2 protein chains.
Amino acid sequence: MIKTKPLIVKLGGSVITDKRRKFSVRRAALRRLAGELAAAKEPLVIVHGGGSFGHPMASKYGIAGGYGDKRQLIGLSLTHRAMEKLNAHVVEALQRAGLPAMAVQPSACTTVIDGRIKSMELTPARKLLELGIVPVLYGDAVPDLSRGMGILSGDQLVVHLARELGASRIIVCVDVDGVYTANPKVRKSAKLIRTITPTSWPGIAEPISAAGGPDVTGGMANKVRELLALAEHAVEAEIINAAKPNILRRAVLGERGLGTMITMG
Amino acid sequence: MIKTKPLIVKLGGSVITDKRRKFSVRRAALRRLAGELAAAKEPLVIVHGGGSFGHPMASKYGIAGGYGDKRQLIGLSLTHRAMEKLNAHVVEALQRAGLPAMAVQPSACTTVIDGRIKSMELTPARKLLELGIVPVLYGDAVPDLSRGMGILSGDQLVVHLARELGASRIIVCVDVDGVYTANPKVRKSAKLIRTITPTSWPGIAEPISAAGGPDVTGGMANKVRELLALAEHAVEAEIINAAKPNILRRAVLGERGLGTMITMG
């Protein structure tokens, strides 16, 4: 039994990798973020995105579109391997910060049908949490029972884990201050949205689709949609800018209102 | 549904690593073995041991003895990470030989109680096999529901997978010609045993305990014991010397009698 509810932290691919250059880790940022996470008092579950590791490979072989061509077999193999490489960087950074981190491979324990999680074997992950280990999961290239293969996004994973593990809260780390009315990297007029609720969402959904670079899993609008589904289960979430030092540290220590809160309102 | 029964190949830690030197891969041997495996006509499942990666770390932190001390948390984290490093070498060697290999992390999908597999989520692995992917599993440091943590040996894994996936046959690769009446690396008088059956086993169990170097999972006698359990389920196995070129290739192509056969007799 997990006594204390875990805090789930999503490290966005844009924060820990340079999306403009294939297989490029932001080592200094990762080292800093690992140190900030080590300040946490609650049990942690980490989920990270694919950034410049998973996305280019998944796109090249059309993994997200399902299986249709034999060349996609080596594509699935290479896409998953790319994600493991990034995961190794994350786990080792956490270990160096003193956290007993351990990878939990989503494609090994998740049954996916039509791109959505049907079930997930979480007995091992629960036992790890109970011991005091920090499970580290990631967006992954997965076998899909109906499409053959597909992509399981880190965002979908976060929501599923939050429900199944009974999360206390979710912190989603991106490289902008939160959710904007437009892409803040392109439009000067873009305004930061402080709170999003199931009621306010429809009015702001259209214009937002932030985050630069290719992302096979749908970007910011998709993140908000997944997190809103969770708010309806009374788990609050916040999207913060982890590219700025100490924002993640303050968030894991309990501070609210640092970015965009996703709540029931 | 898997149409053709898979062939399960266990690559022993002594074949793919140098057990005398920590974190030392036998790169040339691994490249050669990947090439020999690529000759297979049947679907493959690969399981590998820990060799000089998993065993020293597991011993250092007493992982096999269960949880009793907080320092074992980083120990579990480091032992699993060591196994992933070796697994990456194996998967990448298979990819370079043209095989669409994909890691399936045992500690993510296996429920272990008192050192034995209680259940294993194999839906993803079955789908991978059906697609034509080569799942690659390994002896792993795992959460254990009763002991806290422990070691799941590659040998135990092989037997469980053979039963659950309905294997056609098992090939176990070691660095000696098979099972001897004594350790052939130490005793000149040691004789190779051509066939072991459940009936002949008790008489030869005592003197054998081959394979040099530290092995937290029990060595040769343990391998035979696990495989005999399987022979009783009518899955034949053979222990061969994969340190010699082309023995594995001949075995995957169907040749028998290259080492020690474990059968019902």
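Residues numbered from 1 in each chain as written. Chains lettered and ligands numbered in written order. Predicted model: local features only at pLDDT ≥ 70, side-chain atom pairs only at ≥ 80, totals over all residues. Heavy atoms only, no water.

Visitor: I keep staring at the interface of chain B and chain A and nothing clicks. Help me out?
Guide: Buried accessible area, meaning the area lost when the parts come together, often serves as the stated size of an interface. At the interface, 42 residues of chain B touch 42 residues of chain A. Buried area between chain B and chain A, summed over both chains or domains, comes out near 3,300 Å², and the portion from carbon and sulfur atoms is 66%. Among the residues of chain B in contact with chain A, Arg81(B), Met102(B) and Leu131(B) are the three that bury the most area, contributing 17% of the side total. Here chain B is connected to chain A by four salt bridges. Across the salt bridge formed by Arg81(B) and Glu92(A), the nearest N and O atoms sit 2.8 Å from each other. Taken together, the connections running from chain B to chain A amount to nine residue pairs in polar contact (both at pLDDT 80 or more). (Contact = heavy atoms within 4.5 Å. Buried area = accessible area lost by both parts, 1.4 Å probe. Salt bridge = Lys/Arg side-chain N within 4 Å of Asp/Glu carboxyl O. Polar contact = N/O pair within 3.5 Å; in protein donor to acceptor, adjacent residues only side chain to side chain.)

Visitor: Even after reading the chapter, I still don't get the pairing of strand β7 (residues 140-144) of chain B, so can you show me in this structure?
Guide: Look at any regular strand and the pattern is simple: side chains alternate between the two faces of the sheet. All names here are of chain B. For β7, a buried count of five out of five residues is recorded, marking the element as mostly surrounded by other parts of the structure. Here β7 shows a buried face lined by Asp140, Val142 and Asp144 and a second buried face lined by Ala141 and Pro143. When β7 meets strand β8 (residues 148-152), the two strands line up antiparallel, connected through five bridges. Bridge pairing links Ala141 to Ile151 in β8. Between the antiparallel neighbours β7 and β8 lie three residues. (Buried < 20%, exposed > 50% of the residue type's maximum accessible area, 1.4 Å probe, protein only. Helix = DSSP H or I, 4+ residues; strand = E, 2+ residues; numbered from the N terminus. Pairing = 2+ DSSP bridges.)

Visitor: Explain the sheet that holds strand β12 (residues 195-196) of chain B here, please?
Guide: Sheet strands pair via backbone hydrogen bonds, and the direction of the pair is either parallel or antiparallel. All names here are of chain B. Pairing is mixed across the open sheet formed by eight strands, whose spatial order is β3-β6-β2-β1-β9-β13-β14-β12. Since the sheet does not close on itself, it has two edges, and those belong to β3 (101-103) and β12, each with one partner. Sheet analysis places β12 next to strand β14 (residues 260-262), joined by two bridges and oriented parallel. Among the inter-strand pairings, Thr195 is bridged to a residue of β14, identified as Met261. Against the sheet, helix α4 (residues 71-96) engages β1 (7-11), β2 (44-48), β3 and β6 (134-138), with an angle of about 150° to β6. The strands that helix α6 (residues 123-131) touches are β2, β3 and β6; relative to β6, the one it contacts most, it runs at about 140°. (Axes fitted to C-alpha atoms, helices over the stretch in contact; angles between N-to-C directions.)

Visitor: Even after reading the chapter, I still don't get helix α9 (residues 219-231) of chain B, so can you show me in this structure?
Guide: Residue and element names in this part refer to chain B. The end-to-end C-alpha distance of α9, which contains 13 residues, comes to 19 Å, matching closely the 18 Å that a straight helix rising 1.5 Å per residue would cover. Of all 13 residues in α9, eleven are buried; the element is thus mostly enclosed. Inspection of α9 places Gly219, Met220, Ala221, Asn222, Lys223, Val224, Glu226, Leu227, Leu228, Leu230 and Ala231 among the buried residues, and these make up the whole buried set. (Expected span 1.5 Å × (residues − 1).)

Visitor: Got a minute to help me understand the side chain of Ser77(A) in this structure?
Guide: Relative to the assigned elements, Ser77(A) resides in helix α4 (residues 71-96). Engagement of the side chain of Ser77(A) in a polar contact is seen with the side chain of Gln95(B), the distance being 2.7 Å. Beyond its immediate stretch of four places on either side in the chain, Ser77(A) contacts Gln95(B), Pro100(B) and Ala101(B).

Visitor: Honestly, the environment of Gly13(A) in this entry has me stumped. Any pointers?
Guide: Residues and elements named next belong to chain A. One can find Gly13 in helix α1 (residues 13-16). Judged by its relative accessible area of 9%, Gly13 is buried. In the structure, Gly13 is positioned 69 residues away from Ala82 in sequence and 13 Å away in space, judged by C-alpha atoms. Once residues lying within four places of it in the same chain are set aside, the contact partners of Gly13 are Lys19, Gly49, Gly50 and Gly51.

Visitor: What is the right way to read the nonpolar core from this model?
Guide: As a rule of thumb, nonpolar side chains are buried together in soluble globular proteins. One finds Leu161(A), Ile170(A), Leu161(B) and Ile170(B) to be the most contacted residues of the largest nonpolar core, which totals 111 residues. For Ile170(A), the contacting residues outside a window of four places in its chain are Ile8(A), Val158(A), Ala162(A), Leu227(A), Leu230(A), Val235(A), Glu236(A), Ala237(A) and Glu238(A). (Core = buried A, V, L, I, M, F, W, Y, C linked by side-chain atoms within 4.5 Å.)

Visitor: Explain the pattern of salt bridges here, please?
Guide: Tallied over the full model, the rule gives 35 salt bridges over all chains. For the salt bridge of Glu92(B) with Lys85(A), the shortest nitrogen-to-oxygen distance reads 3.8 Å. On the criterion of chain membership, the pair formed by Glu92(B) in helix α4 and Lys85(A) in helix α4 is interchain, its members lying in two chains. Exposure remark for Lys85(A): the relative accessible area of 33% places this residue in the partly exposed category. In this structure, Arg169(B) and Glu236(B) form a salt bridge, with 3.5 Å as the shortest nitrogen-oxygen distance. Remark: Glu236(B) occurs in the loop between α9 and β13 (237-241) and Arg169(B) occurs in strand β9 (residues 169-174); sequence separation between them is 67 residues. Exposure remark for Arg169(B): the relative accessible area of 4% places this residue in the buried category. Connected via shared salt-bridge partners are Arg81(A), Glu84(A), Lys85(A) and Glu92(B).

Visitor: Is there a simple way to think about the packing of aromatic side chains in this case?
Guide: Any aromatic ring pair is given by two values, namely how distant the centres are and how the planes are angled relative to each other. All names here are of chain A. One pass over the full model with this rule turns up two aromatic pairs over all chains. Judged by centre distance (5.3 Å) and plane angle (55°), the rings of Phe23 and Phe53 are tilted. Linking Phe23 in the loop between α1 and α2 (27-37) with Phe53 in helix α3 (residues 51-60), this pair joins segments that are 30 residues apart in sequence. Look at Phe23 and you get partly exposed, because its relative accessible area is 33%. On the basis of relative accessible area, Phe53 is assigned to the buried category, the value being 2%. One residue, Lys85, lies across the ring of Phe23, its end atom 5.3 Å from the ring centre. (Phe/Tyr/Trp six-rings, centres within 6.5 Å; stacked < 30°, edge-to-face > 60°. Lys NZ or Arg CZ within 6 Å of the ring centre and 35° of its normal.)

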